[in-house]
Amino acid sequence: MNTGDQVLMLGQVVRILQGRDAGLYMIIIHVVDHHTVLLADGERRKTNRPKRKNLHHLEKLDYISPEVQNSLLETGRVTNGKLRFAISKFKSEIVTDLKKGDLHDGKR
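The rules behind each value
- Residues numbered from 1 in each chain as written.
- Predicted model: local features only at pLDDT ≥ 70, side-chain atom pairs only at ≥ 80, totals over all residues.
- Heavy atoms only, no water.
- Helix = DSSP H or I, 4+ residues; strand = E, 2+ residues; numbered from the N terminus.
- Buried < 20%, exposed > 50% of the residue type's maximum accessible area, 1.4 Å probe, protein only.
- Polar contact = N/O pair within 3.5 Å; in protein donor to acceptor, adjacent residues only side chain to side chain.
- Contact = heavy atoms within 4.5 Å.
- Patch = residues over 30% accessible without salt bridge, like charges linked within 9 Å, V, L, I, M, F, W, Y side chains within 5 Å.
- Areas by Shrake-Rupley, 256 points an atom, 1.4 Å probe, with all protein chains shown as cover.
- Salt bridge = Lys/Arg side-chain N within 4 Å of Asp/Glu carboxyl O.

Novice: Account for the environment of histidine 57, naming residues and giving values.
Specialist: Positionally, histidine 57 belongs in the loop between β6 (51-54) and β7 (58-64). According to the relative accessible area criterion, histidine 57 is partly exposed, its value standing at 26%. A sequence separation of 21 residues divides histidine 57 from threonine 36, and the C-alpha atoms of the two residues are 9.9 Å apart. A distance of 3.0 Å separates a polar atom in the side chain of histidine 57 from a polar atom in the side chain of glutamine 18.

What follows is the structure, given as structure tokens:
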């Protein structure tokens, strides 16, 4: 899905910028239309009650969970455990690097 300069995909990790969940990382589990997606993290927001969010309230991150994406494309569903695993993997690999300052200069 293309929204101007943003390309959003199933299984992509995003950070919520506005609302009560601001600052949390969630995963796109469904694209409703060109303005709205459904998000879940498997913990606060489970797959049976995903968060509907406007794209303007999200920060797109360049990380797509292959496990979640494959599950959604093959079966149309994903487990809460798989979402929790994907977010914890993302935080351990990417967020830890950002806190160390490795990516702030644009080089790795």
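Novice: How would you summarise the side chain of glutamine 69 if you had to cite specific residues and measurements?
Specialist: For glutamine 69, the position within the fold is in helix α1 (residues 66-75). In this structure glutamine 69 comes out as buried when scored by relative accessible area, which is 18%. Dropping the residues within four chain positions of it, glutamine 69 is found in contact with Met9, Leu10, Gly11 and Ile64.

Novice: Now, about a nonpolar patch on the surface: what can you tell me, with residues and values included?
Specialist: Taken together, Val7, Met9 and Ile64 make up a surface patch of nonpolar side chains, about 220 Å² in accessible area. Within the secondary structure layout, methionine 9 lies in the loop between β2 (6-7) and β3 (12-16). Looking at methionine 9, the relative accessible area reads 36%, which means it is partly exposed.

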